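Structural characterization, general
Below, each chain spelled out in residue letters.
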Amino acid sequence: MTGMILSVASGVLTALAFPKSDLGFLAWLGLVPFFIALFNAKRYNTAALYGLVFGSVYFFGVFLWVFSLSRWVGPWAYIGLIFLSLYQSLFIVLFSLAVLYSIKNFDKRISVLLVPLLWVFFEYLRCIGPFASAGALMGYTQHNNLPMIQIARWVKVYGVSFVVVMVNIVIASFIITKGKFKDNCVNVAFAGVVVCISLIYGTFELSRADRPVAGKAVKISVIQPSFDQAFKMNPANSFLMLDLMCKMSVPDRSESTDIIIWPETAVMNFPERVPGVMSRLSGTARAAGAYLITGAFSYEKGDLYNSVFCISPDGKITSRYDKEHLMPFGEYLPFRALLYPMLKGTGYFDQDQSPNHSPVSLQSGGCRIGTMICFESLFSGIAAERAKDADFLLTLTNDAWFGKSSAAQQHIIAGSFRAIENRKYFIQAANNRISAVIDPWGRVVARTSLWDRTKMDFVIYPDNASR
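This text gives an overview of the structure that appears in the document. Because the structure is a prediction, the values reported are computed rather than measured.

Regarding the state of the cysteines
All chains considered together, the criterion is met by zero disulfides. Of all cysteine sulfurs in the structure, the one in C374 sits closest to C127, which takes part in no disulfide; the separation is 16 Å. No disulfide involves C185; its sulfur sits 16 Å from the nearest other cysteine sulfur, which is in C196. Relative accessible area serves as the criterion here: at 27%, C185 is assigned to the partly exposed category.

Here is the structure:
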């Protein structure tokens, strides 16, 4: 019973380390109760049970925002959250079994290295495959700890997770051995050295970030129209929204911009198929004398794509990005033959979107833009691929689906890591939640408030991103 209580306590503490609570300091000790329970487990089924309990509480708390989808799919949102939490917990169960095996077969003193490595390994496994979920990675809890997360440049977010878990295992070991110096001195010293090196490196990198800026300046305007999702989905409103965004995008005579960015599915039509839509987009780009980037849908050879279009100042489409990593149950329905008969009444699964496994960078004048849509920005591997030939990273999203939940906050914190990992500016354009500009060191340069209808103007310096 004690082990169960400790596992629940850890689940609650670690969940509170993520937004909305965003108590990142709790991550440094939140796993301690769970590790104490795990180290005292004698049998594998006991360790598995502790892992299941901890994981279920942990993921349920972090992914509580799934409840907000009940507005659209009713009670299926609650069922989805339960299954999502249980599925993600399976990785914690496997982690727990691996930890107990290592305790039984290896010197416990190497746990300071082995346990964090196992944690990171299973975090990585959660981020691959068709049902991958890159949320709730322990490293994300430190998004406000800028000196610490600079190591993500070399070890990605997983490296930050490693350090956080390592500190937890050292504290747990200290408690289990009742503070015996002989049993803990090496582990404490090792952890201390890793933390200190990380902080020293991070402080040095941030000092480099404050050097004078020079080089190519790119003026960008992000339009956040702030439409409620129900309003967006009403076909009668599609041109009303389009006309409003066009009006918001044309600068005054005293202003100028190079690139205007609209959010995901800002255009609820097919620009390549609906003349009235394309004429408005082309007219806006010409009037602004800028490249216009917008989310919209495209339809090709029977396939529906969630796309991003780039329109030149002369009103022509120069490039198009189609989303590669689709969200299961959001953009396509897995096991359609089995599930569609039950879910067809919701009206949200009539047609699957298609992935494009050969995505291209957007070409906007002299800028190459590494583009992602919605939760693609949570995946460090996807961002790294986009960043290879890009001047900056861009995510278009529509978090209006999730109301006032923590989804938008959990989404944007990944941006700091993607910026640091690739040492490039990261820009997020959202419909009505959080639009932001993050510099290559993870610092938020500009950010909108929730539900703001606004235009965010800023300047980035891509040439200086790799100083």
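There's plenty left to go through after this.
Comments concerning the sheet that holds strand β8 (residues 392-397)
In space, the six strands of this open sheet follow the order β6-β7-β8-β9-β10-β11, with mixed pairing throughout. Whereas interior strands pair on both sides, the edge strands pair on one side only; in this sheet they are β6 (362-364) and β11 (444-447). Each neighbouring strand pair of the sheet contributes to a mean axis angle of 20 degrees, computed without reference to strand direction. Packing against the sheet, helix α14 (residues 380-387) makes contact with β7 (367-373) and β8, and its axis sits at approximately 160 degrees to β7.

Regarding the environment of W76
Mapped onto the elements, W76 comes out in helix α5 (residues 76-105). For W76, a relative accessible area of 32% corresponds to the partly exposed category. Sequence separation of W76 and L343 is 267 residues, and the distance between their C-alpha atoms is 8.4 Å. Beyond its immediate sequence surroundings of up to four residues, W76 is in contact with M342, L343 and T346.

Some details on the environment of F417
Mapped onto the elements, F417 comes out in helix α15 (residues 407-422). Along the sequence, F417 and V360 sit 57 residues apart, while their C-alpha atoms lie 22 Å from each other. Here F417 is in contact with G139, Y140, H143, I149, A152, V157 and V160, once residues within four sequence places are set aside.

Looking at empty space enclosed by the protein
Enumeration according to the criterion identifies two cavities of 30 Å³ or more in this entry. Roughly 60 Å³ of internal volume is contained in the largest cavity. F39, S102, I103, F106, D107, K108, I110, S111, L114 and V115 together form the lining of the largest cavity. For the lining of the largest cavity, the element with the highest residue contribution is helix α6 (residues 111-126), accounting for three residues. Tallied by class, the residues present in the lining of the largest cavity amount to six nonpolar, two polar and two charged.

Concerning the environment of F39
Along the chain, the position of F39 falls in helix α2 (residues 32-40). Separated by 61 residues in sequence, F39 and L100 place their C-alpha atoms 7.1 Å apart. Excluding its chain neighbours within four sequence positions, the residues that come into contact with F39 are V99, I103, S111, V115, I169 and I176.

Some words on unusual backbone geometry
Cis geometry marks the peptide bond from P19 to K20; its omega dihedral reads 15 degrees. Secondary-structure assignment places K20 in the loop between α1 (2-16) and α2. Positive phi outside glycine occurs at A136, with the angle close to 65 degrees. Although it is not a glycine, K301 sits at a positive phi angle of roughly 55 degrees. Among the secondary structure elements, K301 is positioned in the loop between β3 (291-300) and β4 (303-311). On the basis of relative accessible area, K301 is assigned to the exposed category, the value being 81%.

A closer look at the packing of α2 against helix α8 (residues 152-176)
Helices that pack against each other are described as a pair by the angle of their axes relative to one another and the distance between those axes. Between α2 and α8, the shortest axis-to-axis distance is 9 Å and the interhelical angle comes to 55 degrees. One element, α2, and the other, α8, form an angle in the oblique class. Where α2 crosses over α8, the two elements pack in a sense that is right-handed. Along the contact surface, α2 presents V32, F35, I36 and F39, while α8 presents V165, N168, I169, I171, A172, I175 and I176.

Things to note about the sheet that holds β3
An order of β5-β4-β3-β2-β1-β12 is seen for the six strands of this open sheet, with the pairing classed as mixed. Here the strands that pair on one side only, and so sit at the sheet edges, are β5 (317-322) and β12 (454-460). The sheet shows a mean angle of 30 degrees between the axes of neighbouring strands, direction not considered. Of the strand pairs in this sheet, strand β2 (residues 259-261) and β3 are connected by three bridges, and their pairing is parallel. Within β3, the position partnered with I259 by the bridge is Y291. Lying on the sheet, helix α11 (residues 238-249) is in contact with β1 (218-224), β2 and β12; it crosses β1 at an angle near 150 degrees.

Details of the pattern of salt bridges
Any two side chains of opposite charge can pair if their charged atoms end up close together. Enumeration over the complete set of coordinates arrives at 14 salt bridges. Notably, a salt bridge pairs E324 with R386, separated by 2.9 Å at the nearest N-O pair. Taken together, the residues span a long stretch of sequence, with E324 in the loop between β5 and α13 (336-343) and R386 in helix α14 at a distance of 62 residues. For E324, a relative accessible area of 22% translates into the label partly exposed. For the salt bridge of R418 with E421, the shortest nitrogen-to-oxygen distance reads 2.9 Å. Here the residue R418 and the residue E421 both occupy positions in helix α15, the gap between them amounting to three residues, near one helical turn. By relative accessible area, R418 is classed as buried at 0%. A single network of salt bridges, built from pairs that share partners, joins E272, E300, R320 and D322.

Basis of the calculations
Residues numbered from 1 in each chain as written. Predicted model: local features only at pLDDT ≥ 70, side-chain atom pairs only at ≥ 80, totals over all residues. Heavy atoms only, no water. Disulfide = S-S within 2.5 Å. Buried < 20%, exposed > 50% of the residue type's maximum accessible area, 1.4 Å probe, protein only. Pairing = 2+ DSSP bridges. Helix = DSSP H or I, 4+ residues; strand = E, 2+ residues; numbered from the N terminus. Axes fitted to C-alpha atoms, helices over the stretch in contact; angles between N-to-C directions. Contact = heavy atoms within 4.5 Å. 1 Å grid on protein atoms, 1.4 Å probe; cavity = no way out; pocket = protein on both sides within 12 Å on 5 of 7 lines; lining within 4 Å. Points joined across faces, edges and corners; volume = space filled by probe spheres on them. Nonpolar A, V, L, I, M, F, W, Y, C, P; charged D, E, K, R; others polar. Parallel < 35°, antiparallel > 145°, perpendicular 65-115°, else oblique. Left-handed = near helix turned anticlockwise from the far one by under 90°. Salt bridge = Lys/Arg side-chain N within 4 Å of Asp/Glu carboxyl O.

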